[in-house]
Amino acid sequence: MPRRLRCYLPGVPSHVVQRGNNRQDCFFSNDDRGFYMKTLGQALKRYNVKLHAYVLMTNHTHLLMTPSCEEGISHVMQALGRSYVGYINHRYQRTGTLWEGRHKASVIDSERYLLCCQRYIELNPVRAGMVAHPEQYFWSSYQSNANGKEISCITPHDIYLRLGNNSQARQLSYRALFKGHFSEQDLKAVRQCLEHNYPLGEPAFRLEVEQQSETKLGRLTPGRPNKTN
């Protein structure tokens, strides 16, 4: 199947994943993760992109971002890639590529899937068997969204803000979402759309994305998506 084009829309969140080359590690220490987050924060500010959720795994990253313009997320990923790869190559005296080609992205129907996508991202360390609960993983937006830790680069989405009238109420409601089972249907939908750079949402949302982006997206090929965290 030909590679589908990525498309970003102003004001519409996108789920972005970037993997290490050949699925090799892209973080080797907490200092590396700290530098990545600092650089990410600078790029978000420079290009006016909002970050709602993230997780830094050993060999890949997940980011949920809303751009203010069509090129915003691409600019963020380019700036982040240049700075972080240069840092890693200098620190560890290595050369060559770090990331596995182009990042993948799926625009998100926020009304239906925003919180679902946030849960998917923050549950990555649990699915990978690294921790028993997302609160046990430090390098994740769960620390902010569920526990109220101040993370300067996080901007809560309006859908998240509707969970309660104050921060404590929102955090309580958000934590409650993680008590329920993540359905196989939602898991498959997130993975399949991300794998093929396809919008995650209802048919009306996908039609809206096609119209705004002036891109014919077609339909996903039936079948089980590649397994991915």
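*Asks:* Tell me about the overall build of the chain, and please be specific about residues and values.
*Replies:* For the chain, the count of helices and strands is 9 helices and 4 strands. Reading the helices (α) and strands (β) of the chain from amino to carboxyl end gives β-α-β-β-α-β-α-α-α-α-α-α-α. At 17 Å, the chain has a C-alpha radius of gyration in line with the 17 Å of a compact globule built from 229 residues. Principal axes of the C-alpha set define a box for the chain whose edges measure 50 × 45 × 35 Å. Look at the contacts in the chain between residues 6 or more apart in sequence, and 74% of them connect residues 24 or more apart. Taking the average place of the 30 positive charges on the side chains of the chain and the average place of its 19 negative ones, the gap between the two points comes to 4 Å.

*Asks:* Lay out the pattern of salt bridges in plain terms, naming residues and giving numbers.
*Replies:* Here the structure, examined in full by the defined rule, presents 6 salt bridges. Salt-bridge contacts for D32 lead to R91; the nearest nitrogen and oxygen are separated by 3.3 Å. Here D32, found in helix α1 (residues 30-46), pairs with R91, found in helix α2 (residues 72-91); they are 59 residues apart in sequence, far enough to count as distant. Under the relative-accessibility criterion, D32 is labelled buried at 0%. Relative accessible area serves as the criterion here: at 38%, R91 is assigned to the partly exposed category. A salt bridge links R162 to E111, with the nearest nitrogen and oxygen atoms 3.2 Å apart. One end of the pair, R162, is in the loop between α6 (158-161) and α7 (167-177); the other, E111, is in helix α3 (residues 110-122), with 51 residues separating them in the sequence. Residue E111 is classed as exposed on the basis of its relative accessible area, which comes to 54%. Overlapping salt bridges bring together D31, D32 and R91 as one network.

Conventions used here
- Along each chain, residues carry numbers from 1 onward, in the same order as the chain's sequence is written.
- With pLDDT at 70 or above as the cut-off, local features in this predicted model cover only qualifying residues; side-chain atom pairs require 80 or more to be listed or tallied, and sums for whole chains, interfaces and linings still use all residues.
- Note that water and hydrogens are dropped before the side-chain values are worked out from all heavy atoms of the structure.
- Put simply, DSSP H or I for four residues or longer makes a helix, DSSP E for two residues or longer makes a strand, and each gets a number counted from the N terminus.
- Throughout, the radius of gyration refers to the C-alpha atoms, and the reference size of a globule is 2.2 Å times the residue count to the power 0.38.
- In what follows, residue pairs with any heavy atoms lying within 4.5 Å of each other are defined as contacts.
- For the charge count, each Lys or Arg is scored as positive and each Asp or Glu as negative, with His and the chain ends excluded.
- Charge placement uses NZ in Lys and CZ in Arg. For Asp and Glu, CG and CD serve respectively.
- Salt bridges are defined by distance alone: a side-chain nitrogen of Lys or Arg within 4 Å of a carboxyl oxygen of Asp or Glu.
- Here the term buried applies to any residue with accessible area under 20% of the maximum for its type, exposed to any over 50%, and partly exposed to those in between, with areas from a 1.4 Å probe on protein chains only.

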